Amino acid sequence: MTWHPITCTEREELIDKVGRSHNGPAAPYAPISGRSDLGGEYGDPCILTIWGRKETEAPLLKDIRYPAPDFDGPDSRPCEHFRWEESR
């Protein structure tokens, strides 16, 4: 079981496959974990969100965003996306 990097397009395709709600997957999915360091205490300011099944908290997708330090401009780095893959 591990996270595999995917492109923004692949992220959107995955969300379309499970159902879309605003910027992420629709029910039965929701954020199951998240962290942020908006002040950049440990590096670039970032926001991490892990989406998964509400009932089981099985992960589906991880998003990382790097907002501009002043939050008034383009992101400081490109976003990153990962899909969860179970062992086979």
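Structure: above.
Residues numbered from 1 in each chain as written. Predicted model: local features only at pLDDT ≥ 70, side-chain atom pairs only at ≥ 80, totals over all residues. Heavy atoms only, no water.

1. A few points about the pattern of salt bridges
Link 1 in the chain: Scanning the model with the defined rule gives 8 salt bridges in all.
Link 2 in the chain: Across the pair Glu-12 and Arg-11 runs a salt bridge, and its minimum N-O distance is 2.7 Å.
Link 3 in the chain: Classification of Arg-11 by relative accessible area gives buried; the value is 4%.
Link 4 in the chain: A salt bridge links Arg-20 to Glu-12; the nearest nitrogen and oxygen atoms lie 2.8 Å apart.
Link 5 in the chain: Overlapping salt bridges bring together Arg-11, Glu-12, Asp-16, Arg-20 and Asp-63 as one network. (Salt bridge = Lys/Arg side-chain N within 4 Å of Asp/Glu carboxyl O. Buried < 20%, exposed > 50% of the residue type's maximum accessible area, 1.4 Å probe, protein only.)

2. Description of the side chain of Asp-37
Link 1 in the chain: Its place among the elements puts Asp-37 in strand β4 (residues 29-37).
Link 2 in the chain: The side chain of Asp-37 is buried and forms no salt bridge, while Arg-77, the nearest opposite charge, is found at 10 Å.
Link 3 in the chain: At a separation of 2.9 Å, a polar atom in the side chain of Asp-37 contacts the main-chain amide nitrogen of Glu-41. (Helix = DSSP H or I, 4+ residues; strand = E, 2+ residues; numbered from the N terminus. Lys, Arg positive; Asp, Glu negative; His and termini not counted. Polar contact = N/O pair within 3.5 Å; in protein donor to acceptor, adjacent residues only side chain to side chain.)

3. Section: the sheet that holds β4
Link 1 in the chain: Overall, antiparallel pairing links the 5 strands, which are arranged β1-β7-β6-β5-β4 in an open sheet. At either margin of the open sheet sits one strand with a lone partner, and together these are β1 (2-6) and β4. Each neighbouring strand pair of the sheet contributes to a mean axis angle of 20 degrees, computed without reference to strand direction.
Link 2 in the chain: Of the strand pairs in this sheet, β4 and strand β5 (residues 46-53) are connected by 8 bridges, and their pairing is antiparallel. When the sheet's bridge partners are listed, Pro-31 is paired in β5 with Trp-51.
Link 3 in the chain: Contacts from helix α1 (residues 8-18) reach β1, β4, β5, β6 (59-66) and β7 (77-85) within the one sheet, and its direction differs from that of β6 by about 140 degrees. (Pairing = 2+ DSSP bridges. Axes fitted to C-alpha atoms, helices over the stretch in contact; angles between N-to-C directions. Contact = heavy atoms within 4.5 Å.)

4. Focus: the state of the cysteines
Link 1 in the chain: Counted according to the given criterion, the structure contains 0 disulfides.
Link 2 in the chain: Just so you know, Cys-79 is unpaired, no disulfide at all, and the nearest cysteine sulfur is the one on Cys-8, 3.4 Å from it.
Link 3 in the chain: With relative accessibility at 32%, the residue Cys-79 sits in the partly exposed group. (Disulfide = S-S within 2.5 Å.)

5. Some details on the nonpolar core
Link 1 in the chain: Formed by Ile-6, Leu-14, Ile-15, Tyr-29, Trp-51, Leu-60 and Leu-61, the largest nonpolar core amounts to 7 residues.
Link 2 in the chain: At the level of elements, α1 and β6 are the ones that each hand at least two residues to this core.
Link 3 in the chain: Leave out the neighbours within four places in its chain, and Trp-51 touches Arg-11, Gly-24, Pro-25, Ala-30, Pro-31, Ile-32, Pro-59, Leu-60, Leu-61 and Asp-63. (Core = buried A, V, L, I, M, F, W, Y, C linked by side-chain atoms within 4.5 Å.)

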